[in-house]
Amino acid sequence: MKIDKCIAREVLDSRGVPTVEVELYSGDQKASAIVPSGASTGEGEALELRDNDPKRYHGKSVLQAVKNIEVEIAPAILNRDFVRQSIFDDLLCDLDGTPNKSKLGANAILPISMAFARLQAQCNDTTRISGLALTQNLATSFGSAGITLPVPLMNIFNGGKHADNGIAIQEFMIVPCGFDRFSDALRAGVEVFHQLKKILHKRGLTTAVGDEGGFAPKISDEEEAGPGSHEKVMTLLLDAIESAGYKAGSQIYLALDCASSEFLAKNPPNPAGNTVMYHFEGSQRTADEMIKIYEKWVSYFPILSIEDGLAEHDWDGWKSLTTKLGKSVQLVGDDLFVTNPEFLKKGIEKGVANSLLVKLNQIGTVTETLEAMRMAHQAGYTTVISHRSGESEDTFIADLAVGTDAGQIKTGSASRTDRTAKYNQLLRIEQWLGGRAKFPGKKAFK
Ligand code: 2PG
Ligand code: MG
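Now for a quick tour of the structure.

Coordination sphere of the magnesium ion (ligand 2), protein contribution only: Asp 257 (OD), Glu 307 (OE) and Asp 334 (OD), at 2.0 to 2.2 Å. Linear spacing of the donor residues for the magnesium ion (ligand 2) on their chain is D-x49-E-x26-D. One end of the pair, Glu 307, is in strand S10 (residues 303–307); the other, Asp 334, is in the loop between strand S11 (330–333) and helix H9 (341–350), and 27 residues separate them in sequence. Here Glu 307 falls in the buried class, since its relative accessible area comes to 2%. Since its relative accessible area comes to 2%, Asp 334 is described here as buried.

A separate point is the sheet that holds strand S2 (residues 18–26). Pairing is antiparallel across the open sheet formed by three strands, whose spatial order is S1-S2-S3. Since the sheet does not close on itself, it has two edges, and those belong to strand S1 (5–12) and strand S3 (29–34), each with one partner. Across the sheet, the axes of successive neighbouring strands diverge by a mean angle of 20°, strand direction being ignored. Both S1 and S2 contribute to a ladder of eight bridges, which runs antiparallel. When the sheet's bridge partners are listed, Leu 12 is paired in S2 with Pro 18. With respect to the sheet, helix H1 (residues 63–77) is in contact with S1 and S2, its orientation differing from that of S1 by roughly 165°. Running at roughly 145° to S3, helix H3 (residues 106–124) makes contact with S1, S2 and S3 of the sheet.

Quick look at the nonpolar core now. Formed by 137 residues in total, the largest nonpolar core has its most connected members in Leu 24, Ile 77, Ile 112 and Trp 297. No other element matches H3, which puts ten residues into this core. When residues of this core are assigned to domains, at least three fall in each of domain 1 (5–124) and domain 2 (151–445). Sequence-distant contacts of Leu 24, that is, excluding residues within four places in its chain, are made with Ile 3, Lys 5, Cys 6, Gln 29, Lys 30, Ala 31, Ile 77, Ile 112, Ala 115, Phe 116 and Leu 119.

Here the focus is empty space enclosed by the protein. Using the criterion set out here, one finds two cavities of 30 Å³ or more in the structure. Estimated volume of the largest cavity: approximately 110 Å³. Lining the largest cavity are 14 residues, with Pro 36, Met 114, Leu 360, Glu 391 and Ile 397 positioned closest to its centre. Those elements giving two or more residues to the lining of the largest cavity turn out to be helix H10 (360–363) and helix H12 (396–403). Looking at which domains feed residues into the lining of the largest cavity, each of domain 1 (5–124) and domain 2 (151–445) gives three or more.

Reading the values: rules and limits
Residues numbered from 1 in each chain as written. Chains lettered and ligands numbered in written order. Predicted model: local features only at pLDDT ≥ 70, side-chain atom pairs only at ≥ 80, totals over all residues. Heavy atoms only, no water. Donors = N, O, S within 2.8 Å, 3.2 Å for Na, K, Ca; no water. Helix = DSSP H or I, 4+ residues; strand = E, 2+ residues; numbered from the N terminus. Buried < 20%, exposed > 50% of the residue type's maximum accessible area, 1.4 Å probe, protein only. Pairing = 2+ DSSP bridges. Axes fitted to C-alpha atoms, helices over the stretch in contact; angles between N-to-C directions. Contact = heavy atoms within 4.5 Å. Core = buried A, V, L, I, M, F, W, Y, C linked by side-chain atoms within 4.5 Å. Domains from an automatic or database assignment. 1 Å grid on protein atoms, 1.4 Å probe; cavity = no way out; pocket = protein on both sides within 12 Å on 5 of 7 lines; lining within 4 Å. Points joined across faces, edges and corners; volume = space filled by probe spheres on them.

What follows is the structure in structure tokens.
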């Protein structure tokens, strides 16, 4: 396939922050892609290039990334024949030449890589009878069947950096997995979301939503929600599940993204000064104390999955978390692995975590993302495809989830078009696949 035109532009993400959109053309085919952007970013993520010009978008504009596409990338990709995604992505990485894409910016490289996957899918799709071309193209690149709809992890209560309610934990998700089809699971999740709204309203709590479309009420008058506040939120979720007519712990479970790097204690008060400390519910706590809290929660609440329970550099803490809970709970590495095969390899060797969170823009190309996923699957780790807190109308991750038979997706709550766009694409894919569509349910969690 030859690319004969490439256009890049600055557009807006779901928080009104600039991001990059790309269009690639080949003959009469056109494909585009928009990159997302995180708030609770891991230190090891590929670089997101911002202009830092205080006169435009408070320093957040991305004109340099757009220029890098026009001046550095476009001349290298136009009018050349590319047969495979991996060859194309290797060229992009070579053009950048740095380990973290800091020369051109991951936000310049990734939209090109994603748009290439779409364009190639369209050009190879001779039947043109359905929208499955991208899903099937990704399945071919990954070597999978590309027929598994993911279990949705729906973030219906937002805290941490995605809200301003003083709740330390960033995401409280419901996991509707006791169903036969994706569309039934999604419907159950959405009904619980609406039920939660009714409950919050009845208790005089605000029902405005946070960055990922989940509710984000202040449940305590204090600046920082204190002891027991997180249990209160999980109890609210269980109430919503039961009063919506579903069974918590067999049809619908809970999952957490603690994003705990964001609540590391700034000045650890311990005398040795070298222990990682967490500031949680008003007190400083060691990793062991955090693990005890999680153990208690897992015994009280139907929690299937805990993401970033400990911070990104706390490998010792992570090791003991995995030893204590890894047999019974999915432990997902997000900031810990940043979708980077190198970090993941270290985790596998050390026996740390048992699941990989997958975010394309943490690593910066489709090929490297697939490589990390392949490594995860080979090691018996589960994979959770993920949105970013700053998203757009782009639905690439829905196709990625099915194309790779990833098993799970987290893409927010049941509100905000940036979130529901992905669920809607999954509903389409389920219908297009027809009788071939599979839904793993609880099996997705091993
Ligand atoms: C996370 C993500 C997405 P952000 O921590 O998993 O939910 O948040 O995009 O802000 O890093
Ligand atoms: Mg996370």
